[in-house]
Amino acid sequence: MPTAPTTLTRLSGPMSGRLRTARLDAGLTQQDAAFATGLALKTISNYENSDYAGRRKYVNVQALAALYGRDVNEIWGARGQEIPRTGCTSPSPAYALAS
């Protein structure tokens, strides 16, 4: 598996773009990410497709962020602005990353 780059691209824009940029910075293909996380290749593809907004599971994004060497909040949105349809403003504490 490729090693993490020494400099990371600043993530901005919609979550789909942040996911794609983080994956590419990590030197991974969608297939690599699917294999490493156990997610379906179609799921990775859908998550990187802006039409899929609002249907991403936090725990899956958390797994991808860890694989890509990123903080989940950098991808998910630091203020929880893209939390799925529940009306919550932050992820469930059950999904919080251990420090």
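Residues numbered from 1 in each chain as written. Predicted model: local features only at pLDDT ≥ 70, side-chain atom pairs only at ≥ 80, totals over all residues. Heavy atoms only, no water.

Visitor: Got a sec to walk through the nonpolar core? Specific residues and values, please.
Guide: The biggest cluster of nonpolar side chains holds 18 residues, and the ones touching the most others in it are Leu 19, Val 61, Leu 64, Tyr 68 and Ile 75. When contributions to this core are tallied by element, the ones reaching two or more residues are helix H1 (15–25), helix H2 (30–37), helix H3 (41–47), helix H4 (58–68) and helix H5 (72–76). Those residues in contact with Leu 19 that lie beyond four places of it in its chain are Tyr 47, Glu 48, Arg 56, Leu 64, Tyr 68 and Ile 75. (Core = buried A, V, L, I, M, F, W, Y, C linked by side-chain atoms within 4.5 Å. Buried < 20%, exposed > 50% of the residue type's maximum accessible area, 1.4 Å probe, protein only. Helix = DSSP H or I, 4+ residues; strand = E, 2+ residues; numbered from the N terminus. Contact = heavy atoms within 4.5 Å.)

Visitor: Before we move on, can you summarise the packing of aromatic side chains with the specific residues and values?
Guide: Taken as a whole, this structure holds one aromatic pair when the rule is applied. Each ring, one from Tyr 58 and one from Trp 76, has its centre 4.8 Å from the other, and the planes form 80°; the classification is edge-to-face. Placement of the pair is Tyr 58 in helix H4 and Trp 76 in helix H5, with a sequence separation of 18 residues. (Phe/Tyr/Trp six-rings, centres within 6.5 Å; stacked < 30°, edge-to-face > 60°.)

Visitor: Lay out the packing of H2 against H4 in plain terms, naming residues and giving numbers.
Guide: To describe two helices that pack against each other, one gives the angle between their axes and the distance between the axes. Relative orientation of the contacting elements H2 and H4 amounts to 110°, with a least axis distance of 10 Å. Classified by the angle between their axes, H2 and H4 sit roughly perpendicular to one another. Handedness of the H2/H4 crossing: right-handed. In contact with Ala 33, Ala 36 and Thr 37 of H2, H4 contributes Ala 63, Leu 64, Leu 67 and Tyr 68. (Axes fitted to C-alpha atoms, helices over the stretch in contact; angles between N-to-C directions. Parallel < 35°, antiparallel > 145°, perpendicular 65-115°, else oblique. Left-handed = near helix turned anticlockwise from the far one by under 90°.)

Visitor: Which residues make up H1, and what values go with them?
Guide: Across the 11 residues that make up H1, a large majority, eight, are buried. On its buried side, H1 packs onto H2, H3, H4 and H5. Of the residues one or two after H1, Gly 27 is the one with positive phi, at around 75°.

Visitor: Describe in detail the confidence of the model for the protein chain, supporting the description with residues and values.
Guide: Mean pLDDT over the protein chain stands at 73; residues scoring 70 or higher make up 61%. Across the protein chain, H2 holds the top mean pLDDT of 96, while H5 sits lowest at 85. (pLDDT = per-residue confidence, 0-100.)

Visitor: Please provide a residue-by-residue account of the packing of H1 against H4, values included.
Guide: Look at H1 against H4: their axes get within 9 Å of each other, and the N-to-C directions meet at 35°. Note on packing geometry: the crossing formed by H1 with H4 is left-handed. Here Met 15, Leu 19, Ala 22 and Arg 23 of H1 come into contact with H4, specifically with Val 61, Leu 64 and Tyr 68. Class assignment of the residues belonging to the contact of H1 with H4 gives a composition of six nonpolar, no polar and one charged. (Nonpolar A, V, L, I, M, F, W, Y, C, P; charged D, E, K, R; others polar.)

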